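Residue strings, one per chain:
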Amino acid sequence: MTLLDGISWVEVDAHHWEGSSGQVLVGVVSWQDGYVLRSSGGEVNGTHSTLDSAKAQLESWIRWLDSTSTT
């Protein structure tokens, strides 16, 4: 996975957002008494008080993956 394409966020409905890199879904944020992040593979999960911080967690994780990638 890489951020070469960046992460595009789409509001699916009033309580759900999807983050994709290119054509690949990388994570979902939903509102459940807080903003709950789940990466598409389940590697990253978190609960946040703001939507921006939930998005930032996913984006930071992907940047970390990029920095440790040897391919």
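The rules we used
- Residues numbered from 1 in each chain as written.
- Predicted model: local features only at pLDDT ≥ 70, side-chain atom pairs only at ≥ 80, totals over all residues.
- Heavy atoms only, no water.
- Helix = DSSP H or I, 4+ residues; strand = E, 2+ residues; numbered from the N terminus.
- Rg over C-alpha atoms; globule rule 2.2 N^0.38 Å.
- Buried < 20%, exposed > 50% of the residue type's maximum accessible area, 1.4 Å probe, protein only.
- Areas by Shrake-Rupley, 256 points an atom, 1.4 Å probe, with all protein chains shown as cover.
- Expected span 1.5 Å × (residues − 1).
- Arc of directions from axis to C-beta.
- Polar contact = N/O pair within 3.5 Å; in protein donor to acceptor, adjacent residues only side chain to side chain.
- Contact = heavy atoms within 4.5 Å.

*Asks:* Can you help me understand the overall build of the chain in this one?
*Replies:* Per the secondary structure count, the chain includes one helix and five strands. Along its sequence from the N terminus, the chain presents helices and strands in the succession β-β-β-β-β-α. Here the C-alpha atoms of the chain give a radius of gyration of 12 Å, agreeing with the 11 Å that 2.2 N^0.38 yields for 71 residues. Along the first, second and third principal axes, the C-alpha atoms of the chain reach 40 × 20 × 20 Å. Across the 71 residues in the chain, those meeting the buried criterion constitute 34%. Of the roughly 4400 Å² of accessible surface on the chain, a fraction of 51% belongs to carbon and sulfur atoms.

*Asks:* What is the right way to look at helix H1 (residues 51-68) in this model?
*Replies:* For an α-helix, the turn length of 3.6 residues means that residues three or four places apart are oriented alike. Over its 18 residues, H1 runs 26 Å from end to end, which matches the ideal 26 Å to within 8%, given 1.5 Å per residue. Among the residues of H1, Leu 51, Ala 54, Lys 55, Leu 58, Trp 61 and Ile 62 are the ones counted as buried. The arc enclosing the buried residues of H1, seen along the axis, measures out at 120°, which places them on a common side. Along H1, the residues that are exposed and aim more than 90 degrees away from the buried face are Asp 52, Trp 64 and Ser 67.

*Asks:* Even after reading the chapter, I still don't get the side chain of Ser 39, so can you show me in this structure?
*Replies:* Mapped onto the secondary structure, Ser 39 falls in strand E4 (residues 35-39). Polar contacts involving the side chain of Ser 39 include one to the main-chain amide nitrogen of Glu 43, which spans 3.0 Å. Setting aside residues no more than four positions away along its own chain, Ser 39 makes contact with Val 26, Gly 27, Val 44, Leu 58 and Trp 61.

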